[in-house]
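What follows is each chain in one-letter form.
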Amino acid sequence: MSRPETMPPRPLAARAPTTPLRGTIRPPGDKSISHRALMLGGLAVGETTIHGLLEGEDVLRTAAAMRAMGAEIARGDDGVWRVHGRGIGGLAEPADVLDMGNAGTGSRLLMGVVATHPFNCFFTGDASLRSRPMARVTKPLEMMGARFISRDGGRLPLAVVGTASPVPIAYKLPVASAQVKSAIILAGLNTRGRTTVIEPEPTRDHTELMLRHFGVEIVVEPSPEGDRVSVTGQPEITGKTVRVPGDPSSAAFPIVAALVVPGSDVTVRDVGLNPRRTGLIDTLIEMGADIRVENRRVEAGEPVGDLRVQATTLGGIEVPAARAPSMIDEYLVLAVAAACARGKTVMRGLSELRVKESDRLAAIAQGLAACGVKAEIDGDDLTVHGCGGPPPGGATIATRLDHRIAMSYLVMGLAARAPVAIDDATPIETSFPAFESLMTGLGARLERRNR
Ligand code: S3P
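Residues numbered from 1 in each chain as written. Predicted model: local features only at pLDDT ≥ 70, side-chain atom pairs only at ≥ 80, totals over all residues. Heavy atoms only, no water.

Undergrad: I'm lost on the overall build of the chain in this one. Help?
TA: For the chain, the helix and strand inventory stands at twelve helices and 24 strands. Projecting the C-alpha coordinates of the chain onto the three principal axes gives extents of approximately 60 × 50 × 45 Å. Within the chain, the proportion of its 451 residues that are buried is 60%. One way to put it: in the chain the 51 positive side-chain charges average out to a point 2 Å from where the 50 negative ones average out. (Helix = DSSP H or I, 4+ residues; strand = E, 2+ residues; numbered from the N terminus. Buried < 20%, exposed > 50% of the residue type's maximum accessible area, 1.4 Å probe, protein only. Lys, Arg positive; Asp, Glu negative; His and termini not counted. Charge placed at Lys NZ, Arg CZ, Asp CG, Glu CD.)

Set out below in structure tokens:
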């Protein structure tokens, strides 16, 4: 298995194509849903078949971790993944450290799973993951009875002492985080009684939808503090078939590329359209984007559709803080769209961007400045002054082990007057292994650079 840290960096540059982007592509499977499918498959009794699993580095780490704890997981020649699970509470102590690579979602959700299993285990990851805060997850899991020993600041490497007698909690999320909500719900699966998470702001609900798909009763009750999401522990869950929709967070790159390369007409098929994930599409449409949703349908409880995107001159808008959870992974590429738009775009409430795979707020400001685009940060708000057409470009951007920085600035290069290079394309493997070939197939000009 490849991993960014041990692979030599692979510089890559993008330049404006001479002809518009055209064609139809399917983005890779949804990363959030892929992690959850492997975990729930591993906790179910019997066989789970997963169609369209994202075969990216992050998800492969989760597969390896679940295998290390006793789940049988194999990929068929037909591309379908089959998981034979151990039942709720049935995982076994892993013989070695779980190296989660770059996978924040994989690590935090699995910490929830193992917190209520009576064994010890150890998590580590790459330099990016080792710098990310984990206390947001370990704190509520400690309230349920697990213990953790981490590095300073709640960082990996980290040891988990799982509890044999977990207690259910009702926990109000201090940050809008689906990872924290999911870790608690997954811990609640092996906890007698009712575990409740109160979310003041709605976050992605893939864990809830997939648990329901596996037959678990999830109760969602509105309250003055926010939705109360509850699970009653120790249900019997049996294997199911899961169809993973295309990842809207990966679709975001060809979508913005099609909008900013003049004359483009691109269809992105089978995109997950869960309303808690579509903030970017709503925002781009408010900016005037020509995006039409065709063939809407529901697959495994998740809404899906095909998006036809035609190049448009965008206009700056104000993006409210309340929209952040539904597009938290998309601000980097939105900033690229905003750089090409007329007028200024103000994005509010971006504090969580500082604790992603890198400090993305800083990365946006520095990257835009390097490409000749004016932007400023004021507290948790970002203002991008659009160029009303192609930005100057002509920069080399540091990827910082962050797949989304890499892809966003390649999209910038497709729109800009001078090429934009990234110092390392290998992190793209974490979420979108076919990025280069799919984008090139649409007509994008991506060029390998010498190190
Ligand atoms: C995710 C939740 C989000 C998102 C991440 C995937 C998930 O993180 O940024 O890429 O699958 O639950 P937070 O929970 O930290 O907001």
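Having seen it, we continue.
Undergrad: Can you help me understand the domain arrangement of the chain in this one?
TA: It is common to give the size of an interface as the accessible area that goes away when the parts come together. Segmentation of the chain into domains returns domain 1 (12-29 + 245-448) and domain 2 (31-243). If you look at the interface, domain 1 gives 25 residues, while domain 2 gives 31 residues. Both faces considered, domain 1 and domain 2 share a buried interface measuring about 2,400 Å² in area, 50% of it formed by carbon and sulfur atoms. Along the contact surface separating domain 1 from domain 2 lie six salt bridges. Between domain 1 and domain 2 we count 15 residue pairs in polar contact (both at pLDDT 80 or more) in total. Considered class by class, the residues forming the side of domain 1 that touches domain 2 number eight nonpolar, six polar and eleven charged. (Domains from an automatic or database assignment. Contact = heavy atoms within 4.5 Å. Buried area = accessible area lost by both parts, 1.4 Å probe. Salt bridge = Lys/Arg side-chain N within 4 Å of Asp/Glu carboxyl O. Polar contact = N/O pair within 3.5 Å; in protein donor to acceptor, adjacent residues only side chain to side chain. Nonpolar A, V, L, I, M, F, W, Y, C, P; charged D, E, K, R; others polar.)

Undergrad: Got a minute to help me understand the environment of R400 in this structure?
TA: Structurally, R400 is set in the loop between β22 (396-397) and α11 (403-415). For the pair formed by R400 and S358, sequence separation is 42 residues and the distance between their alpha carbons is 6.5 Å. Once you skip the residues sitting within four places of it in the chain, R400 turns out to touch E357, S358, D359, A362, A363, Q366 and I405. Looking at R400, its side chain comes within polar contact range of the side chain of Q366, at 2.3 Å.

Undergrad: Got a minute to help me understand the sheet that holds strand β8 (residues 147-151) in this structure?
TA: In a beta sheet, neighbouring strands are held together by backbone hydrogen bonds and run either parallel or antiparallel to one another. With respect to topology, four strands assemble into an open sheet ordered β6-β7-β9-β8, the strand pairing being mixed. Unpaired on one side and paired on the other, β6 (98-99) and β8 mark the two borders of the sheet. The sheet contact formed by β6 and strand β7 (residues 120-124) spans two bridges and is parallel. In the sheet register, L98 faces β7, and the bridge partner there is F123. (Pairing = 2+ DSSP bridges.)

Undergrad: So what exactly am I meant to see when it comes to the site of the ligand here?
TA: What surrounds the ligand is the set S32, R36, T105, A176, S177, A178, Q179, R204, I328, D329 and K356. A distance of 3.0 Å separates an oxygen atom of the ligand from a polar atom in the backbone of A178. Contact distances for the ligand include 2.9 Å between an oxygen atom and a backbone N or O atom of Q179. About the coverage of the ligand: the protein hides 95% of its 390 Å² of free accessible area. Residue assignment for the shell around the ligand shows that the elements contributing at least two residues are α1 (31-43) and α5 (178-188). Grouping the amino acids of the shell around the ligand by side-chain chemistry returns three nonpolar, four polar and four charged. Two domains share the shell around the ligand, each providing at least three of its residues, namely domain 1 (12-29 + 245-448) and domain 2 (31-243). (Near = heavy atom within 4 Å. Areas by Shrake-Rupley, 256 points an atom, 1.4 Å probe, with all protein chains shown as cover.)

Undergrad: Just checking my understanding: could you explain the pattern of salt bridges for this structure?
TA: When the charged atoms of two side chains with opposite charge come close together, those side chains can pair. Applying the stated criterion across every chain, the model contains 35 salt bridges. Note that R360 is salt-bridged to E357, the shortest N-O span being 2.9 Å. Of the two residues, R360 and E357, both sit in the buried class. A single salt-bridge network, built from bridges that share partners, covers R132, R204, D329, E357, R360, D402 and R404.

Undergrad: Even after reading the chapter, I still don't get the nonpolar core, so can you show me in this structure?
TA: Counting 76 residues, the largest nonpolar core has L284, Y331, M347 and Y409 as the members making the most contacts within it. Examining the composition of this core, we find that ten residues originate from one element, helix α9 (residues 331-340), more than from any other. Filtering out sequence-adjacent residues up to four positions away, M347 remains in contact with V319, Y331, L334, A335, A338, D380, D381, L382 and V384. Ranked by size, the runner-up nonpolar core spans 63 residues in total, among them L43, L98, L129 and L141. (Core = buried A, V, L, I, M, F, W, Y, C linked by side-chain atoms within 4.5 Å.)

Undergrad: I'm lost on the environment of A257 in this one. Help?
TA: For A257, the location among the structural elements is in helix α7 (residues 248-260). Its relative accessible area of 0% is what places A257 among the buried residues. The residues contacting A257, other than those within four sequence positions of it, are L21, V411, L414 and M439.

Undergrad: Just checking my understanding: could you explain the side chain of S32 for this structure?
TA: Topologically, S32 is positioned in helix α1. Under the relative-accessibility criterion, S32 is labelled buried at 6%. Look past the residues within four positions of S32 in its chain and what remains in contact with it is R204, H206 and R277.

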